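Spelled out, the chains give:
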Amino acid sequence: MSTIEERLYNIKKQINEAEKKAGRKENSVKLLAVSKFHPAEAVIEAYNAGQLEFGENRVQEACSKFSEVYKNTTGVRLHIIGQLQTNKVKKAVETASMIESVDRLSLIQEIEKQAAKLNKTIQILFEFHTGEESKSGYESYELLRESVAYCAEGNAPHVEPKGFMTMAPFTEDKEKIRSSFVQMRETAEKLQKEFPDLSLSELSMGMSGDFEIAIQEGSTEVRIGTAIFGERIYN
Ligand SMILES: *Cc1c(COP(=O)(O)O)cnc(C)c1O
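Not measured: the values here are computed from a predicted model.

Rules used in this analysis
Residues numbered from 1 in each chain as written. Predicted model: local features only at pLDDT ≥ 70, side-chain atom pairs only at ≥ 80, totals over all residues. Heavy atoms only, no water. Helix = DSSP H or I, 4+ residues; strand = E, 2+ residues; numbered from the N terminus. Contact = heavy atoms within 4.5 Å. Near = heavy atom within 4 Å. Polar contact = N/O pair within 3.5 Å; in protein donor to acceptor, adjacent residues only side chain to side chain. Areas by Shrake-Rupley, 256 points an atom, 1.4 Å probe, with all protein chains shown as cover. Nonpolar A, V, L, I, M, F, W, Y, C, P; charged D, E, K, R; others polar. Salt bridge = Lys/Arg side-chain N within 4 Å of Asp/Glu carboxyl O. Buried < 20%, exposed > 50% of the residue type's maximum accessible area, 1.4 Å probe, protein only. Expected span 1.5 Å × (residues − 1). Arc of directions from axis to C-beta. Pairing = 2+ DSSP bridges. Right-handed = clockwise from strand over helix to strand, strands pointing away.

Locating Glu19 in the fold gives a position in helix α1 (residues 4–21). Sequence separation between Glu19 and Ile44 is 25 residues; the distance between their C-alpha atoms is 27 Å. Setting aside anything within four residues of it in sequence, one finds Glu19 in contact with Arg24, Lys25, Glu26, Asn27, Ser28, Val29 and Ile215.

Here it is in structure tokens:
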């Protein structure tokens, strides 16, 4: 049995090796530790091993867990990475630093409304649908572009776009996975060029099974759960 600290160390080593192999700068890829279904104690254990950025996909679970975590830590940042219902935005904005799973214009408008009330700026990533098997994210380039343009025009001053997120299809086919990441990177480059006043440099792509390919294709953040915290127990 290995500890969370040992597994974190191993993952970081693998990320560093993948950066090197891809000709990327050392530590250009951030690690988001996905703690869903694991208790506050596990998050605090990872924190004690130096981890500050965590991902959760359900707002309810994240809020109760991180109210505990925040009491016992400093500098922890929570990212929401799961599909977000409009009626959960208020809680998400209260608890998180970033929402990575922005997938519709109406969600941006609600985030703006809630963030303005709290006088808080919240970072977002636009989630783009690139893999046929996954269901989340903007379904088309036109819809994605409309939301990016909306932010670029200054309509959501409490929302700070930082880049994009995608999930590769769940498949063993490495070329399918790669082409999903390539599609994301090329889309990001195109939108960055069209909207130079936004800083859209973050690319959240890559999970436990596919982060090496993601790093080769330009990922700046990999989202890893199981390889750090162990198998999730669903009940
Ligand atoms: C759960 C989850 C992850 C982490 O998955 P693992 O396979 O446990 O590494 C990454 N991204 C998203 C959006 C997730 O929901």
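Inspection of the region around the ligand gives Val34, Lys36, Asn57, Ile81, Met167, Met207, Ser208, Arg223, Ile224, Gly225, Thr226 and Arg232 as its neighbouring residues. One nitrogen or oxygen atom from the side chain of Arg223 is found 2.9 Å from a nitrogen atom belonging to the ligand. Relative to its free-state accessible area of 390 Å², the ligand is covered by the protein chains to the extent of 90%. Looking at the shell around the ligand residue by residue, the class counts come to five nonpolar, four polar and three charged.

Further remarks concern the pattern of salt bridges. Under the definition given, this model contains 14 salt bridges. Glu56 is paired through a salt bridge with Lys65; the nearest N and O atoms lie 2.8 Å apart. We note a salt bridge from Glu160 to Lys162, for which the minimum N-O separation is 3.9 Å. By relative accessible area, Glu160 is classed as partly exposed at 33%. Overall, the relative accessible area of 21% leaves Lys162 in the partly exposed class. If you follow the salt bridges from partner to partner, you end up with Glu56, Arg58, Glu61 and Lys65 in one network.

Once that is clear, we can look at helix α7 (residues 174–194). With 21 residues, α7 extends 30 Å from end C-alpha to end C-alpha; this agrees with the ideal 30 Å at 1.5 Å per step. Every buried residue of α7 is accounted for by Ile177, Ser180, Phe181, Met184, Thr187, Ala188 and Leu191. For α7, the angular spread of buried residues about the axis comes to 125°, placing them on one side. In α7, the exposed positions that point more than 90 degrees away from the buried face belong to Lys174, Glu175 and Lys193. As for α7, its buried residues are in contact with α6 (141–152), β6 (159–165), β7 (202–204) and α8 (211–216). A side-chain oxygen of the first residue of α7 lies 3.0 Å from the backbone nitrogen of Glu175; this N-cap is Asp173.

Now for the pairing of β6. Taken across its seven residues, β6 has five buried, putting it largely inside the fold. Where strand β5 (residues 122–127) meets β6, six bridges bridge the pair, whose relative direction is parallel. The residue of β6 that forms the bridge with Ile122 is Val159. The sheet contact formed by β6 and β7 spans three bridges and is parallel. Paired with Gly163 across the strands is Glu202, a residue of β7. For the crossover that starts at β6, traverses α7 and ends in the parallel β7, the hand is right-handed.

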